[in-house]
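Secondary and tertiary structure notes
Spelled out from the first residue to the last, the chains are:
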Amino acid sequence: MRRYYLNPEGKPCLWPVPENCLWTAGLFDIDGKLTITADNEFLDEAKLFADALQQTGKMSLAFCESGATVQVRRSGASGFSTEGYVLEAGDDGVVLSASTPHGAFNGLQTLFQLIDNSFAGTICGVEIADRPYKSFRGVRIPLPKAENLPWFYRFVGMAAKYKVNRLLLDLGNAHALTEMLRQDEGFTRMAKETAAYASARHIQIVPCVSLPSCDTAKDLTAIAGAFGASLLAVDLTDEYAEAAEGEAARALAHDISALHAALAARGLGLALSSERLHPSTGSRQLRFNAGTRRNDVVPSTYEAIDLIPKDILILDASHGGSTADMASEAYFASRGFHTVFAGCEGPVNKWERRSAADTVLGAYATLKDACPASLGMDGKNMLCAMLRVSCILWRAGLHADHTSLGCLLPHQLEMEIAELYPMERDRLEGNAHPSAENEGYGAIDIRQFYNSPLQHSYWRVDDHFMMFLQDAMSLPNAVPFSLFQGVLDFRFENAFVMAGGSWNNGVFGMPVGRKAHSLSFLHAYIFGKQQFIDGYGTVAEKVVGQYHVHYKDGDADKHDIVYGKDISFWKNFHGANQGAYDANPVLSGVSDEGLHYTIFSREWENSRPDAEIESVDVITTGGMDGRIALFGITAVDSREVR
Amino acid sequence: MKKQVLYQGKPAIWPLPNKCDWGDDFLCLPYALSLKCDDCFADEAELFMRALAGDGIAVERATEGAMIRACLADNCSIYEEGYLLDVSAGGILLQAGAPAGMFYAFQALTQLIENSEGGCVPYVKIEDSPFKPVRGAHFYVPPRKDLPWFHRFLDFLAKYKINTIFLEMGASMQFDSHPELNEAWEAFCGEMRAYPGGPDSNHWGDRGMQMLEGNIKNSVHIENGGGSYLTKAEMAEIAGLCRQRHIEIIPEVQGLSHSYWMLLAHKDLAERNDDRYPDTWCPSNPKTYEIYFDCLQEIVDVLRPSTVSLGHDEYQWVGVCERCIRRTGHDIFAEDVLKCHDWFKERGIRTHVWSDKFYNLVKKDEVEIGMGSGGGKHLNFNQRTMKNELVKPTYRALDRMPGDLLLSDWYYSAGPTTQDMFNDRGIKLLFGNFHPGSFHDMEARLRRPNVLGAEVSLWHETSDLGMTMTDNYAKYLEAANILWHKGYRFKKCEAYNRVISQIYPAERDRMNGAVSPSAAAPEHRFIDISGLCNAPLRNRKDYGFIATAEPMPNAIPFEICPNVSDIERDAACLLVGSGEAERACVEVRGKYRSIAFLHSYTAALAGPPAHACTYSGAEEDIVGHYVVEYADGSIVRIPVEYSRTIYTCGSAYAFGAQRANPVYQQREMNESVEDLAFYSIAGTGETNRTVFAFEWVNPDPEKEILMIAVTHDPEKPGGIVLFGVTGII
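For every chain, the first residue of the written sequence is number 1, and numbering continues from 1 onward in sequence order. Chain labels run from A onward and ligand labels from 1 onward, assigned in the order the entries are written. Whole-chain, interface and lining totals are the exception, using all residues; otherwise, since this is a predicted model, local features are given only for residues with pLDDT of at least 70 and side-chain atom pairs are given and counted only at 80 or more. For side-chain calculations, the full set of non-hydrogen atoms in the structure is used, while hydrogens and water are omitted.

Secondary structure is summarised from DSSP: a helix means a run of H or I of at least four residues, a strand means a run of E of at least two, and numbering begins at the N terminus for each. For chain B, the count of helices and strands is 14 helices and 29 strands. Only C-alpha atoms enter the radius of gyration; for comparison, a globular chain is expected to reach 2.2 Å times N to the power 0.38, where N is the number of residues. Its C-alpha atoms give chain B a radius of gyration of 27 Å, near enough to 27 Å, the size a compact globule of 729 residues would have. The C-alpha extent of chain B, read off along each of the three principal axes, is 80 × 70 × 60 Å. Exposure classes here rest on a 1.4 Å probe applied to the protein chains alone. A residue is buried below 20% of its type maximum, exposed above 50%, and partly exposed in between. Taking all 729 residues of chain B together, the buried fraction comes to 62%. Sequence separation of at least 24 residues holds for 75% of the intrachain contacts in chain B that already meet a minimum separation of 6. Summed over its atoms, the accessible surface of chain B is roughly 26200 Å², and 50% of this surface lies on carbon and sulfur atoms. A distance of 3 Å separates the average location of the 72 positive side-chain charges in chain B from that of its 100 negative side-chain charges. In what follows, a contact means two residues having at least one pair of non-hydrogen atoms within 4.5 Å. Each accessible area is a Shrake-Rupley result for a 1.4 Å probe, and residues are judged covered by the shown protein chains and nothing else. The sign given to each residue is positive for Lys and Arg and negative for Asp and Glu; His and the chain ends receive no count. Charge coordinates come from a single atom per side chain, which is NZ of Lys, CZ of Arg, CG of Asp or CD of Glu.

Written as structure tokens, this is what we have:
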């Protein structure tokens, strides 16, 4: 498997896509080491860049006084935006110009990718003049537990690499948090370190807290101080259930105004979710109370929008979902507010039009749980969402691709995400699969176990007509699989192994007959109702089957197949990763019927690489109502394998 | 005439060394050089001494006080092919860590001495090693008559650090186990030479050999072995010469497809038994492999290769026989390669195949017809049956290929990431049929970790004749530099081409065992054609640049338009044809060892196709004649051959008339920007103008030449433009 990541034109992936990017014929051969000079005010950024390069293990970067191959300069030229930069790479090296440290930092992130995603120590010639489309490019994530801090720092570094500049940190109840800051020195230190770490990467932390009443507003100052924040996102939890008809909005506006004044007095800004300030979600409604077994009335609050200060930032959660307002940003803009799109998984519907307004400052993606094992638990996969969002907010003029599953980036960019996602996931989690380290692949011949054709005459045409797979091509950087072995007529001949449902309980004894460092399975979940794993608790991960690995010496090993982690429904966003967050997309595209599909491979490291594997079983456990379609198995081994 | 070839004012060493620090002073060499050499480099030293002896420079072995010392390097950073060369007041020191490195050090030193003026070599420190490990050439087995030339050709390749040759074997080596293959091959080649239109008659509607089965089969290659075969002793000698010169032979023993050589005598093994000249074997017939492996064993015994190519390109009859019809193309292709791979692996030999059947270039919703789809499912229209025939896809065979397979990626123009598809599977490759001009993003793609190098192919007879049918002399030199010199940049290729233009005529003459009179005798006399001039320089083509351009270094001098002040209007050259007179006479009156014609052709003709048979259609390239009339009344007719002795002026340096030498050159770079979806790509185009001089060697230099008539074939579309004539005394 290769270690470089290219766009379809064969040039290193640069993400987010720069505003102006001209690839030239120049080439710079690094030959193992680079030298750098940076103007004094950009030294910190240059050091971070050097550290990041060092960590890749590909090369070292030495600072020098003059004649360096990478020169980071301050430009006095007009026309530079605060975060913008100009990067020119050619035969003689790289010159990066910016007017601010943030611009230099962004340019260095691009340069890092230019080097890290390239091949064999080469910097491709390019001329980039870049600047962001939107100023608020965020990701929302809960405060990590202490044991997850190393992961969290890697995550922040990755977000900065993709030019995210706001980290909305879910901190929970403001009062409880303030108490922790008072009493727990360790927590305070962690908060300050986190803030410093993010700040060095030009990411502003936006603490997101819930506030039971306006009386506790004073707590916010300590929180803002601890995290070095100048903006707080506050969720006022009082629903004013006791308020008289028509008074709840006035009461909410009063509290917000008081809170705003308290924060403003301390030089802090306020951001509020749109949920209670927009008619689609803030109108009078009934909510079932499980305790009383009755419906409670939640009074209308949306009228408060006309009563609160206009410099409050609205976190627009009304742009999508079942109660979407397709012009939510216009609603708030007409009332004089600036907004950011909240909880985005990609471009919001009608992105081109809706993002164009000056009052839309940006957007953010949301990760529900900040720990490695939950990376993919957003269903819509937060990592992919962050990559999408960072791109749409940086590069102006991107068109959203509206699909039945949501809005995506243009196909070419989704394909780049499909390449970047597994790499970033593995880096975040500190994993390297054997396939990333080895170059030997051996396709296992499972043709005699094929028990299902791509097209069944009795299958429902819309969901289970997979004839298009016969010509599907592997994505770049995917483990190779030998597919449809021996199949001449795809209409009638069995072309893959199907396990589960009323079909069978599993398929047993598929011979491997070799040693392997790992086994990769190309599989998908079919039949049954497609279920999205989503981080909001709708559907939990479910074990839908197991792979049993039998060794020649009689020993055996078992790997659970977890829906949403290891396997996903075949109908999926093309290219990107949705739902099978530990798996890698291999076959992806759009069928003739317009269905987006992605088939994932899951690689399991073999605990006994020196023992010969005799056979493999695929067994279903019935956790869901579908079946497992197994298209191929590949052993990852030395170069001599077949 | 100055003989030294310079690059940036210093003696040219080709390919350019990767690190080269020139000093200001010179080391003046004595008449006889002395060489002290470590024993491990004795063979390399011997070849070096022989090469310099050919230049008239004597080198003696010495034990002490030698001018040249060749030592085993104590520097572990010098790897297999790397070397150090240090010329200083203390003499010349060569260091290498292995014989190949020392061999290349000697090649560099040979050129340094050849290209230094007056026997004084400038001080220099060279630290050199190759950019790419595989720097290759591909050709057929040479004809027996051309073996002496071929041996010198190997010297040429080695001198410029080409280290790999793919030798297409066919039945051009004597097979003891299957002499019937040699016999059938000779008979077939004889038949094809007599076939109307030759073996490459393949136009639609043409009922020539290529269309007998309705489909183009391609790659008949009757030039292989000159249409015959060499003995094992001759082949072993070639292998020995290659080993001495650190050239690895990769025999290409075409299997599955293009297997005429085997099937002509065993038609029962063919995939189609209704084919008079079958070229595809049946991979489901075990007997196929019995014969193939017999032949392979003999080839392996003689050549002792470490890699063997199976060919496997342009496989068109995929699983059509009764034995194969129930098998998929993917399986057939994969299992055929794997069967051979296993055979080689048992013998410690690496397997090579061409890559085209591993691509799927069929676009969604499109029906591809013809070979351009690579290994994708496509249709071939059969001219005989007038039906479309399905060609089964083979591309999924790639997913079963072993990681130690070596490929030649020759569909690199199909997209910018062809090499990366193979790298995803851990497979190494080289670019086959390497042609930098048609290669988008070549410099970056050569830097991919799985790209080991490239090879330049010759699809003509392996001889001077075949070489000059194309631009191959120059192409080898160009590729040698691209693959060795890491600092190669396309934008500098004007400077590179100036060097190539000076090297190749001399090397061509050396390989032909002839020194041109202009190189041996510096005296010349301009032959006045001004009275005949009938066209201005800006006429059918823009030749205006030669009025002011500097001639190439080492070029034969010409008197160009001596009385011309206005190149737009004044007649400055003689145009014959192209609507003007079809004949003109130049008065000579003198004895000359050779006559050089500075000329150009106004029309761009197709020239010999890169893949057409060398033996067919050469007469189509003759656009006219120079008819030399001696005082005794005898006459010599010199054909003016397009792409060999004359060319249109739109070529780049050496890439034009291969038997002529470039004299005037102009190059303009055009920059362009291609806007893609999310970014732009800068590109460069170029406009080149070159005028060549063809030197005709007078077979009777003692006889006085009265005149030379310039005649043009009225059937040809252009005209011959003669700018000057120089006689070598």
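Here the focus is the overall build of chain A. Along the backbone of chain A there are 14 helices and 29 strands. For chain A, whose C-alpha radius of gyration is 26 Å, the value lies close to the compact-globule estimate of 26 Å for 642 residues. Dimensions of chain A, computed from C-alpha atoms along their principal axes, come out at roughly 75 × 75 × 50 Å. Scored against the burial criterion, the 642 residues of chain A give a buried share of 60%. Contacts in chain A between residues far apart in sequence, at least 24 positions, make up 76% of those at least 6 positions apart. Surface exposure of chain A reaches about 23600 Å², of which carbon and sulfur atoms provide 49%. Mean positive and mean negative side-chain charge positions of chain A (56 and 79 charges, respectively) differ by 2 Å.

Residue and element names in this part refer to chain B. Should DSSP find at least two bridges between two strands, the strands are taken to pair. If you trace the 8 strands once around the closed barrel, you get 10-11-12-13-14-17-18-19, paired in parallel fashion. Across the sheet, the mean angle separating the axes of adjacent strands is 30° when strand polarity is ignored. Examined bridge by bridge, strand 14 (residues 350-354) and strand 17 (residues 406-409) share 3 bridges and lie parallel to one another. Considered in strand 17, the bridge of W354 is made with S408. Axis geometry follows a simple rule: fit a line to the C-alpha atoms, using only the stretch in contact for helices, then measure angles between N-to-C directions, giving values from 0 to 180 degrees.

A few words now on the sheet that holds strand 28 (residues 705-712) of chain B. All names here are of chain B. Taken in spatial order, the 4 strands line up as 22-28-24-25 in an open sheet, and their pairing is antiparallel. Every interior strand has two partners, whereas the edge strands, strand 22 (583-590) and strand 25 (635-641), have only one. Strand after strand, the sheet turns through a mean of 20° between neighbouring axes, direction not considered.

How big an interface is tends to be stated in terms of accessible area lost as the parts join. Contact residues are listed per partner, giving 48 residues for chain B and 60 residues for chain A. One speaks of a salt bridge when a side-chain nitrogen belonging to Lys or Arg is within 4 Å of a carboxyl oxygen belonging to Asp or Glu. Summed over the shared surface of chain B and chain A, the result is 9 salt bridges. Notably, a salt bridge pairs D29 of chain A with R447 of chain B, separated by 2.7 Å at the nearest N-O pair. Between N or O atoms, a polar contact is any pair within 3.5 Å; within protein, one atom must be a potential hydrogen donor and the other a potential acceptor, and residues adjacent in sequence are included only when both atoms are from side chains. Along the contact surface separating chain B from chain A lie 20 residue pairs in polar contact (both at pLDDT 80 or more). Counting residues per element, the ones that place at least two in the side of chain B that touches chain A are helix 8 (329-346), helix 9 (418-423), helix 10 (442-446) and strand 27 (680-697) of chain B. Top element by residues in the side of chain B that touches chain A is helix 8 of chain B. It accounts for 6 residues.

So, on to the side chain of D325 of chain A. Residue and element names in this part refer to chain A. Relative to the elements of secondary structure, D325 occurs in the loop between strand 15 (313-316) and helix 9 (328-333). The charged side chain of D325 is buried without a salt bridge, its nearest counter-charge being R354 at 5.9 Å. Here the side chain of D325 touches H278 through a polar contact of 2.7 Å, side chain to side chain. The residues contacting D325, other than those within four sequence positions of it, are H278, S318, H319, Y331 and R354.

Next up on the list: the pattern of salt bridges. In this structure the tally under the stated criterion is 58 salt bridges over all chains. The shortest N-O distance in the salt bridge between R287 of chain A and E239 of chain A comes to 2.8 Å. Residue R287 of chain A is found in strand 13 (residues 285-289), and its partner E239 of chain A is found in the loop between strand 11 (231-236) and helix 7 (248-265); the two are separated by 48 residues along the sequence. Residue R287 of chain A is classed as partly exposed on the basis of its relative accessible area of 40%. A residue is classified by how much of its surface remains accessible, and E239 of chain A, at 30% relative accessible area, is partly exposed. A salt bridge links R447 of chain A to D445 of chain A; the nearest nitrogen and oxygen atoms lie 3.1 Å apart. Take R447 of chain A: its relative accessible area is 25%, and that puts it in the partly exposed class. You can call D445 of chain A partly exposed: its relative accessible area is 36%. Beyond isolated ion pairs, a larger network of salt bridges with shared partners links D445 and R447 of chain A together with R327, D331, E335 and R400 of chain B.

The next thing to look at is helix 5 (residues 185-200) of chain A. One turn of the α-helix equals 3.6 residues, which is why residues spaced by three or four share an orientation. All names here are of chain A. In a helix, the anticipated span is given by 1.5 Å times the number of residues less one. End to end, helix 5 covers 22 Å across 16 residues, agreeing with the expected 22 Å (1.5 Å per residue, within 8%). What helix 5 keeps buried is the set F187, T188, M190, A191, T194, A195 and A198. Viewed end-on, helix 5 has its buried residues packed into an arc of 160°, placing them on one side of the element. As for helix 5, its buried residues are in contact with helix 3 (149-161), helix 4 (174-183), strand 10 (204-211) and helix 6 (219-227). Taking the backbone nitrogen of G186 as reference, a side-chain oxygen 2.9 Å away marks D184 as the first, capping residue of helix 5. The arc refers to the directions leading from the helix axis to the C-beta atoms.

Bringing the state of the cysteines into the picture now. All names here are of chain B. Counting rule for disulfides: a pair of cysteine sulfur atoms within 2.5 Å. Scanning the entire structure with this criterion turns up 1 disulfide over all chains. With no disulfide of its own, C340 has C295 as its nearest cysteine by sulfur position, at a separation of 12 Å. Its sulfur unpaired, C649 is 11 Å from the next cysteine sulfur, which belongs to C573. In this structure C649 comes out as buried when scored by relative accessible area, which is 3%.

The subject of this paragraph is the pairing of strand 17 of chain B. All names here are of chain B. In strand 17, alternate side chains face the same way, and those of L406 and S408 on one face and L407 and D409 on the other are all buried. With 4 bridges connecting them, strand 17 and strand 18 (residues 428-431) associate as parallel partners. Bridge pairing links S408 to L430 in strand 18. Since strand 17 and strand 18 lie parallel, the crossover through helix 9 that links them has a hand, and here it is right-handed. By definition, the crossover connecting two strands over a helix is right-handed if that path, from the first strand to the second, turns clockwise as seen with the strands pointing away from the viewer.

Quick look at the side chain of T100 of chain A now. Residue and element names in this part refer to chain A. Here T100 is to be found in the loop between strand 6 (93-98) and helix 2 (101-116). On the basis of relative accessibility, which here comes to 18%, the residue T100 falls in the buried class. Of the polar contacts made by the side chain of T100, one reaches the backbone oxygen of T82; its length is 2.4 Å. In this structure the side chain of T100 is engaged in a polar contact, spanning 3.0 Å, whose partner is the backbone nitrogen of G103. When sequence neighbours within four positions are dropped, the list of residues in contact with T100 reads F42 and T82.

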